Amino acid sequence: MKAVREALCAGAFLTFGAAGFAVFADQRQPAPLRASELPGTYELVDRVLDSGKVLRRPDIAALYAFGNGRANFNLFVRNADGTLASESSIIRYTLSEEQYCEWIEYTTRNNLDAPGVTNEAPPVSSHCTPIKKAGDKLIFAPPGESVITTYDRNGFTAVIKGQFTDHWRKIN
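Here the structure is a predicted model, which is why all the values come from computation and not from measurement.

About the cut-offs
Residues numbered from 1 in each chain as written. Predicted model: local features only at pLDDT ≥ 70, side-chain atom pairs only at ≥ 80, totals over all residues. Heavy atoms only, no water. pLDDT = per-residue confidence, 0-100. Contact = heavy atoms within 4.5 Å. Pairing = 2+ DSSP bridges. Helix = DSSP H or I, 4+ residues; strand = E, 2+ residues; numbered from the N terminus. Buried < 20%, exposed > 50% of the residue type's maximum accessible area, 1.4 Å probe, protein only. Disulfide = S-S within 2.5 Å. Phe/Tyr/Trp six-rings, centres within 6.5 Å; stacked < 30°, edge-to-face > 60°.

Thoughts on the confidence of the model for the protein chain
In this model, the protein chain carries an average pLDDT of 88, and 84% of its residues clear a pLDDT of 70 or more. Residue range residues 12-16 is modelled with pLDDT below 50. Its contacts to residues more than four positions away, or to other chains, number 0 contacts.

Pasting the structure below:
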């Protein structure tokens, strides 16, 4: 009886193991991320300062939505001195597999780059920037900003060297 039980267990193990291997062997790598898949709505999850401090709600909150050539960016962050900094921008953009171009139509920045309120967009030498591919990621620096964005299928990171790394989650 023990030999029969061992044979049945071994047979079941081989059958399920082979089936699992077949499923594993048939799994395909997802297609590389394409720039046309980037549009959507993104929510800021957290900001990791270079000091290691992590900011989350209620100290920081942001949404970024883009699609059909239009974008809206809203950011609120509590500065170390307790003041509130913010940005709200309305943007036009074009996107191809090779480049991202943008034009800020209107912006309000409060205590962000400098004290006080401004409606001046950052100066740009070119409204377009190349998109680099690195494995399953797309990387580019929005024109006029000192940030590098790295997109994957779940969201993106935005990095300003020497200051912070933002983690964004795609919500639709």
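Some details on the pairing of strand S12 (residues 155-160)
When strand S11 (residues 148-152) meets S12, the two strands line up antiparallel, connected through 5 bridges. Bridge pairing in S12 places Ile148 opposite Val159. Between S11 and S12, which pair antiparallel one after the other, the connecting turn spans 2 residues. Relative to strand S13 (residues 164-170), S12 runs antiparallel, the two sharing 6 bridges. Opposite Val159, over in S13, you have Thr165 as the bridge partner.

Regarding unusual backbone geometry
In this chain, Arg57 is followed by Pro58 through a cis amide linkage whose omega measures 10°. Among the secondary structure elements, Pro58 is positioned in the loop between strand S2 (54-55) and strand S3 (60-67). Positive phi outside glycine occurs at Asn68, with the angle close to 55°. Locating Asn68 in the fold gives a position in the loop between S3 and strand S4 (70-78). The class for Asn68 is exposed, based on a relative accessible area of 81%.

Things to note about the state of the cysteines
Counting across every chain of the model gives 1 disulfide. Across the disulfide, Cys101 is cross-linked to Cys128 (sulfur-sulfur distance 2.0 Å). Disulfide Cys101-Cys128: torsion about the S-S bond near 110°, hence right-handed. A residue pair is termed long-range when its members are at least 10 positions apart, and Cys101 in strand S6 (residues 99-110) and Cys128 in strand S8 (residues 128-130) qualify at 27 residues. Cys128 sits in the partly exposed class, given a relative accessible area of 30%.

What about the environment of Asp59?
As for its position among the elements, Asp59 is in the loop between S2 and S3. Asp59 gets classed as partly exposed once you look at its relative accessible area, which sits at 32%. Between the C-alpha atoms of Asp59 and Arg47, which are 12 residues apart in sequence, the distance is 9.7 Å. Not counting the four nearest positions on each side in its chain, Asp59 is found in contact with Phe76, Val77 and Arg78.

Here's the deal with the packing of aromatic side chains
Within this structure, the stated rule accounts for 14 aromatic pairs. Residues Tyr42 and Phe66 carry aromatic rings whose centres are separated by 6.1 Å and whose planes lie at 15° to one another, so their mutual orientation is stacked. Taken together, the residues span a long stretch of sequence, with Tyr42 in strand S1 (residues 40-49) and Phe66 in strand S3 at a distance of 24 residues. Overall, Tyr42 belongs to the buried group, its relative accessible area being 1%. Taking the relative accessible area as the measure of exposure, Phe66 reaches 5% and is therefore buried. Taking the centre distance of 6.0 Å and the plane angle of 70° together, the rings of Tyr64 and Phe73 count as edge-to-face. Of the residues examined, Phe73 reaches a relative accessible area of 16% and is grouped as buried.

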